[in-house]
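# Inside the fold
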Amino acid sequence: MAELILNHDWADSLGPIQEWPAALRSALSICLNSSFPSAIYWGPEMRLLYNDSWAPIPADRHPWALGRPAAEVWSDIWEVVGPQFDSVMATGIGLSTYDQLLPIMRNGVQTETYWNYSFTPIRDEFGAICGIFNQGNETTAAVLARRQAQEEIVRLGRLFAQAPAAIAILEGPSHIFKLVNPAYEALVQRSDLVGRPVADALPEVQDQGFISLLDTVYTTQKPYQGKSVPIELVSPEGERQARYLDFVYQPVIDATGQSVGIFVQASDVTEAATAMAALRDSEQRFEAIVNSIDQMIWSTRPDGYHDYFNQRWYEYTGVSEGFTDGSEWENVFHPDDRTETRAKWLHSLETGEPYHVEYRLRHRSGVYRWVIGRAQCVRDKNGEISRWYGTCTDIHDLKVAEEARQLLLRELNHRVKNLFAITAGMINMTARSSPSVGEMAKSLHGRLQALAKAHHLIQPAIIAGSSVAETVAFHTLLEEILSPHLADRDRQVTLKGPEILLGPHASTSFALIFHELATNAAKYGPFRDAEGRLDVRWRMDKDALHLEWQENVALPEIKAPSQEGFGSKLARTSAIHQLGGSIDFEWLPAGVNIALTAAGERLGR
């Protein structure tokens, strides 16, 4: 502004700067060096000069306003400030005003503005008033904020009186009622509260701990919130009434940080609390019922989102609560069963038809067990599905028993067919090696007896519920299984390995496997003629039995089968599941090599 003043043409107004009077120069020096918005109105026309802090006040009139008469610059508010200028110039008495309304034109629009400003007369060396020194700042934002706050206070006062919640303001350490709304009076059934301490107005709450709680809030300045807190209030007739309240004690703190009172807001939630207590009681009875049965129970929303499982589900699966909510329940299904199970579940969700499926569920032990899942939907009065309720029932033992029964029926059929084939082979083999019919009959009779004895060894696996009480020697078991098929045992078979005693279950499993291998050897392998050989060797190594079964035929006619037959599947199942081991086949033109393993801990079973 100093630069603008120096460069301004003052010829038609105040004259050359070097000829300005000392009083103007002195006042202008103070103005330009002040950090507060300051201006000078000089001479009869009140020509305007101002500093940098004052420059934003005329807004778009700056710098046009520099050097112009006050009446021209402030033509829009001259009816307010003009008389003020005239009074100061005429009387020499300064003027100060606060939050003065000035309807200034801004951007072509008359705008409501408010100002704090002062007019101070400037005198020359002879005491004559030559101008006015002006300082001030705009207070529009503060005035409007105070106005809005006052309006908000009025509005809150109306809301306070009309609020459905019980509201009161307590004052001082004695908790004197300063203000209460109608809802508060209705809650406590009293209207003579204002001006009285809480302990006097509501004596029944004294022994219930509420006065002590108010003291703590007032002293510590920490708010307190109560949820469904029981309270006994006394009616005007003297009847004690049990209620439940949600309430807040909020300390009221003044500008110095001191407690001056407490704001109280309370809501009567007796009906809701009573209903919730009844609901909790109902839920507890429901939980007791659904957790007292062996079945797993679950429930979903109409869209199939799983949001409830009973305790049996978590005990059975071993997962943490909430782990299988939503669609995460599929994670405990066997991977091979998920696609079919999900398809049936989606079909039920779309159609409302009952859900029924069998699948394998991961048990807490890590083993997948068969369960049957069922669910029914519940519909609302409009026929829309509102909920799904379902159960899971463990059927693993039944499923395994049924599979075992079917397997044994197939095994029985397989064995009967094999018996006819073996018998026919025995007749042909005996006929070729017997010199007479008598010798043939005698030899065939012996072999059939051996076959019957070998068949007896696998009887426990075929007849459910039977068992072999005594142990069986491994070497003896092999000999009895192989003997019906041999014309010359010493020349055709080599058995070599340590003596091992087998328990009833292990001996049955080995009998099934060796019976299958011996039958195949008689039908396709080395026992078809007298030139074939079988070498069987076994050993114990690191708590496991290792057996090698090597067949050699006279003519290289052996070919690997195109698919695994039932007997081979049965042998593999027995080796893996009953003996905890494995069985592998190597097909060679001159015979087949079989590697069998069994866990040592299962041999004595």
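Remember, predicted model here, so these are calculated numbers, not experimental data. (Residues numbered from 1 in each chain as written. Predicted model: local features only at pLDDT ≥ 70, side-chain atom pairs only at ≥ 80, totals over all residues. Heavy atoms only, no water.)

Moving on, we get to the sheet that holds strand β17 (residues 493–496). In a beta sheet, neighbouring strands pair by backbone hydrogen bonds and run either parallel or antiparallel. The five strands lie next to each other as β17-β19-β20-β22-β21, forming an open sheet whose pairing is mixed. Bordering the open sheet on either side are β17 and β21 (582–588), each of which pairs with just one other strand. Put simply, the sheet's adjacent strands are angled 10° from each other on average, direction ignored. Where β21 meets strand β22 (residues 591–599), seven bridges bridge the pair, whose relative direction is antiparallel. Paired with F585 across the strands is I594, a residue of β22. Helix α17 (residues 504–523) contacts β20 (544–552), β21 and β22 of the sheet and is inclined by roughly 10° relative to β20. (Pairing = 2+ DSSP bridges. Helix = DSSP H or I, 4+ residues; strand = E, 2+ residues; numbered from the N terminus. Axes fitted to C-alpha atoms, helices over the stretch in contact; angles between N-to-C directions. Contact = heavy atoms within 4.5 Å.)

Turning our eyes to something else, we now look at the sheet that holds strand β3 (residues 95–106). With respect to topology, five strands assemble into an open sheet ordered β2-β1-β5-β4-β3, the strand pairing being antiparallel. Strands at the two margins of the open sheet, each flanked by one partner only, are β2 (47–50) and β3. Each neighbouring strand pair of the sheet contributes to a mean axis angle of 35°, computed without reference to strand direction. Both strand β1 (residues 38–42) and β2 contribute to a ladder of four bridges, which runs antiparallel. Paired with I40 across the strands is L49, a residue of β2.

This part covers helix α8 (residues 210–220). Residues F210, I211, L213, L214, V217 and Y218 constitute the buried set of α8. Along α8, the residues classed as buried sweep out an arc of 160° about the axis, all on the same side. Q221, located one to two residues past α8, shows a positive phi value of around 60°. (Buried < 20%, exposed > 50% of the residue type's maximum accessible area, 1.4 Å probe, protein only. Arc of directions from axis to C-beta.)

This paragraph deals with unusual backbone geometry. Each neighbour pair has its own omega, and for H62 with P63 the value is 5°, a cis peptide bond. With respect to the element layout, P63 can be found in the loop between β2 and α3 (70–73). The phi dihedral of N107 falls on the positive side, at around 55°, and the residue is not glycine. Relative to the helices and strands, N107 resides in the loop between β3 and β4 (109–123). With relative accessibility at 70%, the residue N107 sits in the exposed group.

Side chains of β17 alternate between two faces, with V493 and L495 buried and T494 and K496 left unburied. Where β17 meets strand β19 (residues 533–540), four bridges bridge the pair, whose relative direction is parallel. The residue of β19 that forms the bridge with L495 is V536.

As a further point, take the pairing of strand β6 (residues 166–171). Where β6 meets strand β10 (residues 259–268), six bridges bridge the pair, whose relative direction is antiparallel. When the bridges of β10 are listed, E171 appears paired with G261. Sheet topology places β6 next to strand β7 (residues 176–180); four bridges connect them, and they run antiparallel. From the neighbouring strand, L170 faces β7, where its bridge partner is F177.

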